[in-house]
Number of protein chains: 2
Amino acid sequence: MKLLDIIDNTPIPVGYRIAFLTNFWREPLLRRMEREFGLIRPEWTVLICLVYRDGLNSRDICEVTEQPSNSISRGVAALEEKGLIHRRPDPQDARRSLLFITDEGRAMHDQVMDLFVRAERSILEVLDAEETRVLTGLLDKLARDVVRWSHLPPYKPIDTDV
Amino acid sequence: MKLLDIIDNTPIPVGYRIAFLTNFWREPLLRRMEREFGLIRPEWTVLICLVYRDGLNSRDICEVTEQPSNSISRGVAALEEKGLIHRRPDPQDARRSLLFITDEGRAMHDQVMDLFVRAERSILEVLDAEETRVLTGLLDKLARDVVRWSHLPPYKPIDTDV
DNA sequence: GGAAATTAGCTCCATATGGAACGATATTGT
DNA sequence: ACAATATCGTTCCATATGGAGCTAATTTCC
């Protein structure tokens, strides 16, 4: 790949490497998922969240994934139509449903997740165990700080009326 | 964020953290770019590549960014229409144009890139200089190995006729 | 308590995105 | 030299995506 040195020539060294990896790592898998399993992103997002914790509502999912509510709403509707999740009214708030994954939903999740697991194993082969541990830790540190930075410019204007 | 622990409950610890960060870090900036500058992803992709190296062709850009050729083709056409790049025939291959960024294109790139630079600075604040260096190095290691892993399953079937 | 403001999630609509197909050109194989 | 195959980038078309708007429910404010 003759232009790979582009990753050295960027004013955003971490962001650009993450974007580069996303283009080659995640996006092709999402496209394959769509082709082979007929699942689009919002549906996958909902499945992942419900495997982590059953009985969430749409708002929860939007919040932890930063996806627009209309996308998640469509994902939820499609998954219910496919029998991969079902909805129950939320007794605490009549505007909300609680979302539950079905056995078929869990099976679908596991099939697709297998793709991602195999990819990650292959990609991380170039790192030793310590490097993988460090990398995970540093990404973790950024992710756990998301509430702070996602409320600052350039994500949100400075709120001068705190 | 009450569901942040989802990042601990994944069979793909690195991939999931990168995806999580992408959702909160990059995607909102791309959406803001589209809103404020009227640039969509393929256009931004082309601008970045031409700032790195002027005179590339579409194929080069598709290769180093793993974007589909039709997306890049549309991006090129739009940028030319906007006066941000111009095309010249490639004397070595009549199927190709060489793409050159204009001064306005470079100015646009710099304006948008400022958004990404500011975000990166803010997000990386939680790391010290050594951590940032290590993180960049590890991501770099994965990115530089892209030719290997992108030709393996699950990206490509094993080629048994090597 | 009631009005005003906010929230939840849905639907609509415009636009972004990616696969397929294609014509022109280049490369490979005989 | 020529036919077969592959490549390049464009165009078409179907579908994915996100902003706006909306109704119903909830929360906040007076």
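Attention in this report is confined to the structure presented alongside it. Worth saying up front: this structure is predicted, and the values here are computed from it rather than measured.

About the cut-offs
Residues numbered from 1 in each chain as written. Chains lettered and ligands numbered in written order. Predicted model: local features only at pLDDT ≥ 70, side-chain atom pairs only at ≥ 80, totals over all residues. Heavy atoms only, no water. Helix = DSSP H or I, 4+ residues; strand = E, 2+ residues; numbered from the N terminus. Contact = heavy atoms within 4.5 Å. Expected span 1.5 Å × (residues − 1). Buried < 20%, exposed > 50% of the residue type's maximum accessible area, 1.4 Å probe, protein only. Buried area = accessible area lost by both parts, 1.4 Å probe. Salt bridge = Lys/Arg side-chain N within 4 Å of Asp/Glu carboxyl O. Phe/Tyr/Trp six-rings, centres within 6.5 Å; stacked < 30°, edge-to-face > 60°. Least-squares fit on C-alpha atoms with pLDDT ≥ 70 in both. Near = heavy atom within 4 Å. Polar contact = N/O pair within 3.5 Å; in protein donor to acceptor, adjacent residues only side chain to side chain. Nonpolar A, V, L, I, M, F, W, Y, C, P; charged D, E, K, R; others polar.

**Details of the overall build of chain A**
- The helix and strand tally for chain A stands at 7 helices and 2 strands.
- For chain A, the succession of helices and strands along the chain, N to C, is α-α-α-α-β-β-α-α-α.
- Expressed along its principal axes, the backbone C-alpha trace of chain A runs to roughly 55 × 50 × 30 Å.
- Long-range pairs, those at least 24 residues apart, make up 48% of the contacts in chain A with a sequence separation of at least 6.

**Things to note about helix α2 (residues 41–52) of chain B**
All names here are of chain B.
- With 12 residues, α2 extends 17 Å between its outermost C-alpha atoms, agreeing within 8% with the 16 Å of an ideal straight helix rising 1.5 Å per residue.
- Buried residues dominate α2, accounting for 10 of its 12 residues.
- Buried residues of α2: Pro42, Glu43, Trp44, Thr45, Val46, Leu47, Ile48, Cys49, Leu50 and Tyr52, and no others.

**Focus on the interface of chain B and chain A**
- Listed by partner, the interface residues are 73 residues for chain B and 73 residues for chain A.
- Summed over both sides, the interface between chain B and chain A buries roughly 7,900 Å², with carbon and sulfur atoms accounting for 69% of that surface.
- Our count for the chain B to chain A interface comes out at 12 salt bridges.
- Here Glu131 of chain B ties to Lys141 of chain A by a salt bridge, and the two come within 2.8 Å at their closest N and O atoms.

**Topic: the packing of aromatic side chains**
- Scanning the model with the defined rule gives 8 aromatic pairs over all chains in all.
- Seen in terms of ring centroids, Trp25 of chain A and Trp149 of chain B are 6.4 Å apart; in terms of plane orientation they differ by 65°. Their pairing is edge-to-face. Here Trp25 of chain A is found in helix α1 (residues 13–37), whereas its partner Trp149 of chain B is found in helix α7 (residues 146–149) on a different chain.
- With relative accessibility at 5%, the residue Trp25 of chain A sits in the buried group.
- Under the relative-accessibility criterion, Trp149 of chain B is labelled buried at 0%.
- With 4.8 Å between their ring centres and 35° between their planes, Phe20 of chain B and Phe24 of chain B make a pair best called tilted.

**Quick notes on the relation of the copies chain B and chain A**
- With an RMSD of 0.0 Å, chain B superimposes on chain A once it is rotated by 180° and translated 0.0 Å along the axis. Viewed as a symmetry operation, the transformation between the two copies matches a two-fold axis. Rotation axis and chain B: the residue whose C-alpha lies nearest the axis is Leu135 of chain B, separated from it by 3.1 Å.
- Here 100% of the contact residues of chain B are again contact residues in chain A; the copies associate through an equivalent surface.

**Examining unusual backbone geometry**
All names here are of chain A.
- Here the residue pair Pro153 and Pro154 is connected by a cis peptide bond, since its omega of 0° sits within 30 degrees of zero.
- Position of Pro154 relative to the elements: it lies in the segment after α7 (146–149).
- Look at Glu66: it is not a glycine, yet its phi comes out positive at around 55°.

**Focus on the environment of Gly15 of chain A**
- Within the element layout of this structure, Gly15 of chain A appears in helix α1.
- Taking relative accessible area as the criterion, Gly15 of chain A reaches 12% and is therefore assigned buried.
- The contact partners of Gly15 of chain A, leaving out residues within four places of it in the chain, are Trp25 and Glu120 of chain B.

**Some points on the pattern of salt bridges**
- Counted according to the given criterion, the structure contains 35 salt bridges over all chains.
- The partner of Arg96 of chain A in a salt bridge is Asp93 of chain A, with the nearest N and O atoms 4.0 Å apart.
- Between Arg96 of chain B and Asp90 of chain B there is a salt bridge, and its shortest N-O distance comes to 3.1 Å.
- Judged by its relative accessible area of 31%, Arg96 of chain B is partly exposed.
- Within the structure, one salt-bridge network assembled from shared partners comprises Asp5, Asp8 and Arg17 of chain A together with Asp140 and Arg144 of chain B.

**Comments concerning the protein's contact with DNA strand D**
- Every one of the 21 residues lining DNA strand D counts as a neighbour, but Asn70 of chain A together with Arg59, Ser73, Arg87 and Arg95 of chain B are closest to it.
- If you look at DNA strand D and keep only atoms within 4 Å of the protein, 61% of those are sugar or phosphate atoms.
- A distance of 2.3 Å separates a base oxygen of DNA strand D from a polar side-chain atom of Arg95 of chain B.
- Mapped by element, the contributors of at least two residues to the surface near DNA strand D are α2 (41–52) and α4 (69–81) of chain A together with α3 (58–65) and α4 (69–81) of chain B.
- A class-by-class count of the residues in the surface near DNA strand D yields 4 nonpolar, 7 polar and 10 charged.

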